[in-house]
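Commentary on secondary and tertiary structure
What follows is each chain in one-letter form.
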Amino acid sequence: MKTIQKEDTTKKDIQALLPVLIALCLIPLVILTKDYQTEFSKFPWFNNTELNQIDSFEYAKGVLVIIMGAIAAAVIGFSEYSKMQKKKQLFENADLKVIILLAVYLIMVIISSLFSQYTNLAFHGGGYGQWQTMWVLLGYGILFMYAYLFINSEKRGLLTIKFLMVTTGILALMGILQTTGHNPLSWKWVQNIITSQSNVEGIDFKEGVSNVILSFNNPNYVGPYIALILPVSAAFIFLRASEDKSKAIAAKIAGGLIVIGLIISLIGSSSSAGFISVLAGAVLALILIFSGIFWGRRPETEGQANSEEQSHKKSKKGLIIGLCTVAVLITAGIFSFRSSYVQNTINKLLEGGNDTRNVASIVNTKADELEITLRNDTRFTLVPKVDANGQFTITAYDDSKKPLSIQQTGEQRIYTFPDPRFSMLTLNVNNFTIENQTYSGFKINDAPNSISWTFVFKDGKWKYYTPFGKFTRLHKVESFGFKNHQNIANRRGFIWSRTIPLMKDYWFTGIGPNAFIIAFPNDDFVGSKRVGDTTTLVDKPHNTFLQIYIQTGGLSALAYGGLWVLYMISGIRIFWRRKQYRNIDIIGLGLLVGIFSFAVSGITNDTIIGTQVIYWTLLGAGYAVNRIIRSEDRQ
């Protein structure tokens, strides 16, 4: 009879948690190809025609987020309406600060979308492969709230983690297969399913990039996902997952295998951010655990207290376990530090520390001259002219208006600067035939680095001829920091240096969801070439806070960050100096460490639907679990 009753309550709990379980367990696995077109032809940094593209990893996930968000909103609305009918307080178990921060974030998402000049991107997505529309962003927040409200017992918390481990196990297995060169996404029958709604026959993967992508669109996102999930998976090993001893042992073994699979996937992805984030999470976990071992709080009531002897034994046991853990981590760290994976991580971080590109900026002045700034801040001005007969001449002067000598070399139309300050530059004067028209022009060459910029005389003005077949005038681009470190962390120094100045323009509404590519100065053709040798479009800032700030405004970014800070403060207060861990405490610690690690990875990574839906849902679960722990601590 008790078993039947238990099964009934479990079934009800699963039904109550369905939006949470689908968000955590189904949405991350969805891969379905969508055909779409990218149309930015009005901008000088894009092609003259639209591009036919496909998306296999984000669009379908976004649709499901919207659907589950709508269902969750309806259930929350019905639940709170029922409480009102019973004269109960709305959101009676929720922290008012959490409600306010979430409301600010969601309201600013709506405002930024409504006032955006690019409403098509904000409401429908697409663009350059971005699908986090207003509806998706609202879905995140509603799923967060649903988890926060409906995970109201230890049983539901444990149930959520169990279901999460099923999906995590599938992705860990996929990561192992991808690491060993047996990517399931490349199997013919899998490709047939993935492309069933598309005109393409299959999807492939870029050569030279790790194929360990799990179910995301880039190896870079494997790191943040594992940083978020690995601590929760590790905590699962220590949970009492079942009252049946054999099932409990099986769960621990499964948890151990999942952790191993995630670590293999992390190494296979070569994600530096993931490696650093996991280490940061491990440090936080050890600090919290050791705070309990060495300075653990005594129970407040005598009824909760154990005998001194039992307490001493448990403390000693905990100390031994903790020291062994540290020893294992140190040993693993020594060996891993010598591995190619860790060395590659260090190289990525340090790359770009020595900037050898010579040209820092080129600007078309009002006088139709070219002001050129070198990386050492030395400036000079080129004065190219074309007379009425089409004859080309060029002169130059430095910052003090002193004329500079320009000499023609043995090669006709190749000019050099005898002045040692500018000797690294050459000019290649020529006529350029573009779209059946001939223009006078020249190339500015950074000779040691084999980088050049082409300028032509068109419509009575000197214009830069872009790699996209367009003519434009180069303007001064604002920059902040990373002056000599623009290549650091795989060009992130360049991206951040151009993004930070945008913050003053988008502090309130932002430019709108999915529109970062438009806000970013992609017409900085000199800056782009000097960090990558070729012109590369920047469609994301590789930083979660900056991405949210520029797209949906500074207020929304502060609210987003505020939810994380409030949760971290609450969690650290709970687990600091905690001596004993029940099931619910272990779940709470795993969530706390995972959410902390995910935020660390967000310093160098932007957000995608596949990871954000898990983060938001687990953040809500983390708030809920902390509420349960505080409630049980007071009993």
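Nothing here was measured: the structure is a model prediction, and the numbers come from that model.

So, the nonpolar core
- Among the nonpolar cores identified, the biggest contains 152 residues, and Trp 45, Ile 362, Leu 382, Phe 455 and Ile 518 are the most heavily contacted of them.
- Leaving out residues up to four positions away in the same chain, Trp 45 has contacts with Phe 40, Phe 468, Ile 517, Ile 518, Asn 522, Asp 523, Phe 525 and Leu 537.
- Core analysis: the second largest hydrophobic core is formed by seven residues, Ile 31, Phe 57, Val 190 and Ile 194 among them.

A look at the packing of helix α14 (residues 488–499) against helix α16 (residues 525–532)
- For the pair α14 and α16, the least separation of the axes is 9 Å and the interaxial angle reads 160°. As judged from the angle between their axes, α14 and α16 are roughly antiparallel. The handedness of the crossing between α14 and α16 is right-handed. Residue-level inspection shows Arg 491, Phe 494 and Arg 498 of α14 in contact with α16, the latter providing Gly 527, Ser 528, Val 531 and Gly 532.
- Residues that form the contact of α14 with α16 fall into these classes: two nonpolar, three polar and two charged.

Observations concerning the sheet that holds strand β3 (residues 359–364)
- The strand order across the open sheet formed by four strands is β3-β4-β5-β6, and the pairing between neighbours is antiparallel. Pairing within the sheet leaves two strands with one partner each, and these edge strands are β3 and β6 (392–398). Put simply, the sheet's adjacent strands are angled 20° from each other on average, direction ignored.
- Alignment of β3 against strand β4 (residues 370–374), held across five bridges, turns out to be antiparallel. Residue Asn 364 lies in a different strand from β4, and its bridge partner there is Leu 370.

Points about the sheet that holds strand β8 (residues 414–416)
- Read from one edge to the other, the open sheet built from seven strands follows the order β7-β8-β9-β10-β11-β12-β13, with strand pairing classed as antiparallel. Every other strand in the sheet has two partners, leaving β7 (407–408) and β13 (471–472) as the edge strands with one partner each.
- Here strand β12 (residues 461–465) runs beside β13; their pairing, made up of two bridges, is antiparallel. Its bridge partner lying in β13, Tyr 465 is registered against Phe 471.
- Strands β11 (451–458), β12 and β13 of the sheet are contacted by α16, whose axis makes an angle of about 155° with β11.

Quick look at helix α20 (residues 609–634)
- The end-to-end C-alpha distance of α20, which contains 26 residues, comes to 38 Å, matching closely the 38 Å that a straight helix rising 1.5 Å per residue would cover.
- Of all the 26 residues making up α20, 21 are buried; the element is thus mostly covered by neighbouring parts of the structure.

Concerning the packing of aromatic side chains
- Tallied over the entire structure, the rule returns 42 aromatic pairs.
- With a centroid separation of 6.0 Å and 50° between ring planes, the pair formed by Phe 123 and Trp 135 is classed as tilted. One end of the pair, Phe 123, is in helix α5 (residues 119–124); the other, Trp 135, is in helix α6 (residues 134–150), with 12 residues separating them in the sequence.
- Note on Trp 135: relative accessible area 42%, which makes it partly exposed.

Re the confidence of the model for the chain
- Mean pLDDT over the chain: 88, with 89% of residues reaching 70 or higher.
- Mean pLDDT values over the elements of the chain span from 52, in helix α12 (residues 308–337), up to 98, in α6.
- Below pLDDT 50 for its whole length, residues 299–309 participates in six contacts with residues either more than four positions away or in separate chains.

Describing the environment of Val 363
- Mapped onto the secondary structure, Val 363 falls in strand β3.
- The spacing of Val 363 and His 475 is 112 residues in sequence and 5.0 Å in space, taken between C-alpha atoms.

Describing helix α4 (residues 96–114)
- The first and last C-alpha atoms of α4 sit 27 Å apart over 19 residues, in line with the 27 Å expected at 1.5 Å per residue.
- If you check which residues of α4 are buried, you get Val 98, Leu 102, Tyr 105, Leu 106, Met 108, Val 109, Ser 112 and Ser 113. The buried residues of α4 occupy an angular sector of 155° when the element is viewed end-on, so they sit on one face. Exposed side of α4, more than 90 degrees from the buried face: Leu 96 and Leu 114 are the residues found there.
- If you follow the buried residues of α4, they end up packed against α5, α6, α17 (544–552), α18 (554–575) and α20.
- Here α4 starts with a cap whose side-chain oxygen sits 2.9 Å from the backbone nitrogen of Lys 97, and that cap is Asp 95.

With respect to the pairing of β6
- Note: strand β5 (residues 379–386) against β6, seven bridges, orientation antiparallel. Note on β6: the bridge partner recorded for Pro 384 is Ile 394.
- Remark: five residues form the turn of the hairpin made by β5 and β6, two consecutive strands paired antiparallel; Gly 390 in that turn has positive phi of roughly 85°.

As for the packing of helix α9 (residues 222–238) against helix α10 (residues 245–269)
- It is the contact of α9 with α10, at a shortest axis distance of 9 Å, that shows an interaxial angle of 160°. Taken together, the axis directions place α9 and α10 in an arrangement best described as roughly antiparallel. As for the relative orientation of α9 and α10, their crossing is left-handed in sense. Judged by residue contacts, Val 222, Gly 223, Tyr 225, Ile 226, Ile 229, Leu 230, Ser 233, Ala 234, Phe 236, Ile 237 and Phe 238 of α9 engage Ala 251, Lys 252, Gly 255, Gly 256, Ile 258, Val 259, Leu 262, Ile 263, Ser 265, Leu 266 and Ser 269 from α10.
- Class assignment for the residues of the contact of α9 with α10 results in 15 nonpolar, six polar and one charged.

Comments concerning the side chain of Ser 242
- Note on placement: Ser 242 falls in the loop between α9 and α10.
- Among the polar contacts listed, one links the side chain of Ser 242 to the backbone nitrogen of Asp 244, at a separation of 3.1 Å.

Regarding unusual backbone geometry
- In the Ramachandran plot, Lys 401 falls in the positive-phi region, its phi being about 70° despite a non-glycine side chain.
- Counting through the fold element by element, Lys 401 comes out in the loop between β6 and β7.
- Overall, the relative accessible area of 58% leaves Lys 401 in the exposed class.
- One non-glycine residue, Asp 459, lies in positive phi territory at about 55°.
- Secondary-structure assignment places Asp 459 in the loop between β11 and β12.

Topic: a nonpolar patch on the surface
- On the surface, Leu 96, Ile 100, Val 104, Trp 507, Phe 508, Phe 545, Leu 555 and Leu 558 cluster together to form a nonpolar patch covering roughly 740 Å² of accessible area.
- Of all the secondary-structure elements, those providing two or more residues to the nonpolar patch are α4 and α18.
- Per-element tally for the nonpolar patch: the top contributor is α4, with three residues.
- Within the secondary structure layout, Phe 545 lies in helix α17.

Re the pattern of salt bridges
- A full pass over the atoms with the stated rule returns 17 salt bridges.
- For Asp 13, the salt bridge is made with Arg 156, and the minimal N-O distance between the two is 2.9 Å. Residue Asp 13 is found in helix α1 (residues 2–16), and its partner Arg 156 is found in helix α7 (residues 154–179); the two are separated by 143 residues along the sequence.
- Of the residues examined, Asp 13 reaches a relative accessible area of 11% and is grouped as buried.
- Overall, Arg 156 belongs to the buried group, its relative accessible area being 13%.
- Linked through salt bridges whose partners overlap, the residues forming this network are Arg 578, Arg 582, Asp 585, Glu 632 and Asp 633.

Procedures and definitions
Residues numbered from 1 in each chain as written. Predicted model: local features only at pLDDT ≥ 70, side-chain atom pairs only at ≥ 80, totals over all residues. Heavy atoms only, no water. Core = buried A, V, L, I, M, F, W, Y, C linked by side-chain atoms within 4.5 Å. Buried < 20%, exposed > 50% of the residue type's maximum accessible area, 1.4 Å probe, protein only. Contact = heavy atoms within 4.5 Å. Axes fitted to C-alpha atoms, helices over the stretch in contact; angles between N-to-C directions. Helix = DSSP H or I, 4+ residues; strand = E, 2+ residues; numbered from the N terminus. Parallel < 35°, antiparallel > 145°, perpendicular 65-115°, else oblique. Left-handed = near helix turned anticlockwise from the far one by under 90°. Nonpolar A, V, L, I, M, F, W, Y, C, P; charged D, E, K, R; others polar. Pairing = 2+ DSSP bridges. Expected span 1.5 Å × (residues − 1). Phe/Tyr/Trp six-rings, centres within 6.5 Å; stacked < 30°, edge-to-face > 60°. pLDDT = per-residue confidence, 0-100. Arc of directions from axis to C-beta. Polar contact = N/O pair within 3.5 Å; in protein donor to acceptor, adjacent residues only side chain to side chain. Patch = residues over 30% accessible without salt bridge, like charges linked within 9 Å, V, L, I, M, F, W, Y side chains within 5 Å. Areas by Shrake-Rupley, 256 points an atom, 1.4 Å probe, with all protein chains shown as cover. Salt bridge = Lys/Arg side-chain N within 4 Å of Asp/Glu carboxyl O.

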